[in-house]
Amino acid sequence: MRFDLLTIFPEFFVGPFEFGIIRRAKQQGQVEVNIHDLRSFTTDKHHIVDDRPFGGDDGMVLKPEPLFRAVEALRKPDEQTAVVLLTPQGRVFQQSEAQRFAHNFTQMILICGRYEGVDERVAQHIVTDEISIGDYVLTGGEIPAMVLVDAITRLLPNVLGSATSAVNDSFSTGLLDFPQYTRPASFNGIDVPEILLSGHHANIAKWRRREALRKTLKMRPDLIQALLARAALTAEEQRWIEETQQEN
Ligand code: ADE
């Protein structure tokens, strides 16, 4: 995957891709992350990227010309390219969306919105996906762009250590992850659940599934509702959920 990030703050990205799995993926050539200064796609003497909104309002809007020029220059004709605008007005980013990008595209141009917004002609004519990372407003699309690069890179082939590493991720199963423990087995008088020390793999798998259900029911009942609507739970699991809900 080739990522091309368009921003008016290129220095924002010094550091975040230099650690751990993303750094290794870059070194191994599985991803390329290029940072582009939007100002370098202006043609005027003062490198102006924004202007006041038509109709009047506070703040500034990113102008269309530098963005159109940048996307035209960066788009690689031989790649499958997604042009993504990071904006709180977008569709909310989900694990399924990360998978869609990881599997179907070889280039992603990520436009980091700023100020009060981006001229709507950009979204209408050159952007393929408007994406938000959640229902809150940040000062710009730089941090959301980092979130996409991270979430998508770890799903690319051979980026994670073992082929199954991403399969049991929270959300991939429709459930949150089960709780994990490591040594020591007893810490300050708090013990690790005994079953995890038993070596009985089938029982451990059963326990993990149950605990994933329990955690999801508590933290994200909306995910449980979605699984029920898709008939993705066993009859026994449905019964357990009903009982647990009645207890609480
Ligand atoms: N820009 C500002 N807030 C944002 C958000 N929540 N998601 C994506 N881009 C943004």
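First things first, this report covers the structure right here in the doc. (Residues numbered from 1 in each chain as written. Predicted model: local features only at pLDDT ≥ 70, side-chain atom pairs only at ≥ 80, totals over all residues. Heavy atoms only, no water.)

Opposite charge on two side chains lets them pair, provided their charged atoms get close. In the structure shown here, the tally under the stated rule is 15 salt bridges. Its salt-bridge partner being D129, residue R91 comes within 2.9 Å of it at the nearest N-O pair. Taken together, the residues span a long stretch of sequence, with R91 in strand β5 (residues 81-92) and D129 in strand β8 (residues 129-132) at a distance of 38 residues. Residue R91 is classed as partly exposed on the basis of its relative accessible area, which comes to 40%. Here E142 and R114 are joined by a salt bridge, their closest N and O atoms 3.0 Å apart. Of this pair, E142 sits in helix α5 (residues 142-153) while R114 sits in the loop between β6 (107-112) and β7 (117-118), and the two are 28 residues apart along the sequence. (Salt bridge = Lys/Arg side-chain N within 4 Å of Asp/Glu carboxyl O. Helix = DSSP H or I, 4+ residues; strand = E, 2+ residues; numbered from the N terminus. Buried < 20%, exposed > 50% of the residue type's maximum accessible area, 1.4 Å probe, protein only.)

Attention shifts here to the site of the ligand. The environment of the ligand is made up of L86, T87, P88, I131, S132, I133, G134, Y136, V137, L138, G140 and P144. T87 places a polar main-chain atom, nitrogen or oxygen, 3.2 Å from a nitrogen atom of the ligand. I133 places a main-chain nitrogen or oxygen 3.0 Å from a nitrogen atom of the ligand. Protein coverage of the free-state accessible area of the ligand, which is 260 Å², stands at 97%. At three residues, β5 tops the list of elements feeding residues into the shell around the ligand. Within the shell around the ligand, the residues separate by chemical class into eight nonpolar, four polar and no charged. (Near = heavy atom within 4 Å. Polar contact = N/O pair within 3.5 Å; in protein donor to acceptor, adjacent residues only side chain to side chain. Areas by Shrake-Rupley, 256 points an atom, 1.4 Å probe, with all protein chains shown as cover. Nonpolar A, V, L, I, M, F, W, Y, C, P; charged D, E, K, R; others polar.)

Our focus in this paragraph is the sheet that holds strand β4 (residues 61-62). Spatially, the three strands line up as an open sheet ordered β3-β4-β7, and their pairing is mixed. Single-partner strands in this sheet number two, and they are β3 (50-51) and β7. Summarising the sheet, β3 and β4 pair through two bridges and their orientation is antiparallel. Each bridged residue has a counterpart across the sheet, and for D51 the counterpart in β4 is V61. (Pairing = 2+ DSSP bridges.)

Quick look at α5 now. Owing to its 3.6 residues per turn, the α-helix brings residues three or four apart onto one side. Here α5 is 12 residues long and its end C-alpha atoms lie 17 Å apart, about the 16 Å a rise of 1.5 Å per residue gives. Within the sequence span of α5, burial applies to E142, P144, A145, M146, L148, V149, A151, I152 and T153. (Expected span 1.5 Å × (residues − 1).)

You can see R2 is positioned in strand β1 (residues 2-7). On the basis of relative accessible area, R2 is assigned to the buried category, the value being 17%. In contact with R2, not counting residues within four places along its chain, are E32, N34, K76, T106, Q107 and M108. (Contact = heavy atoms within 4.5 Å.)

This part covers the packing of helix α6 (residues 201-219) against helix α8 (residues 235-247). At a minimum axis separation of 11 Å, α6 and α8 run at an interaxial angle of 45°. For the element pair α6 / α8, the angle class is oblique. Note on packing geometry: the crossing formed by α6 with α8 is right-handed. Here R209, R210, L213, R214 and L217 of α6 come into contact with α8, specifically with E236, E237, W240, I241, T244 and Q245. Split into classes, the residues belonging to the contact of α6 with α8 amount to four nonpolar, two polar and five charged. (Axes fitted to C-alpha atoms, helices over the stretch in contact; angles between N-to-C directions. Parallel < 35°, antiparallel > 145°, perpendicular 65-115°, else oblique. Left-handed = near helix turned anticlockwise from the far one by under 90°.)

Another point: the packing of aromatic side chains. Under the counting rule described, the total for this entry stands at three aromatic pairs. Ring centres of F12 and F13 lie 6.2 Å apart, and the angle between their planes is 45°; this geometry places the pair in the tilted category. Look at F13 and you get buried, because its relative accessible area is 5%. With 6.2 Å between their ring centres and 15° between their planes, F13 and F17 make a pair best called stacked. One Lys or Arg, R100, reaches over the ring of F101 and ends 4.7 Å from the middle of that ring. (Phe/Tyr/Trp six-rings, centres within 6.5 Å; stacked < 30°, edge-to-face > 60°. Lys NZ or Arg CZ within 6 Å of the ring centre and 35° of its normal.)

Each regular strand shows side chains that alternate between the opposite faces of the sheet. Among the six residues that make up β1, six are buried, leaving the element largely enclosed by the rest of the structure. Burial along β1 is two-sided: R2, D4 and L6 facing one way and F3, L5 and T7 facing the other are all buried. Here six bridges tie β1 to strand β2 (residues 32-37), and the two strands are oriented parallel to one another. Following the sheet pairing, R2 is matched in β2 by E32. Read as a crossover between parallel neighbours, the route from β1 over helix α1 (residues 20-27) to β2 is right-handed. Here β1 pairs with β6 via five bridges, running parallel. Looking at the pairing, L6 lines up with I111 of β6. (Right-handed = clockwise from strand over helix to strand, strands pointing away.)

Geometric values such as these leave the question of function open.
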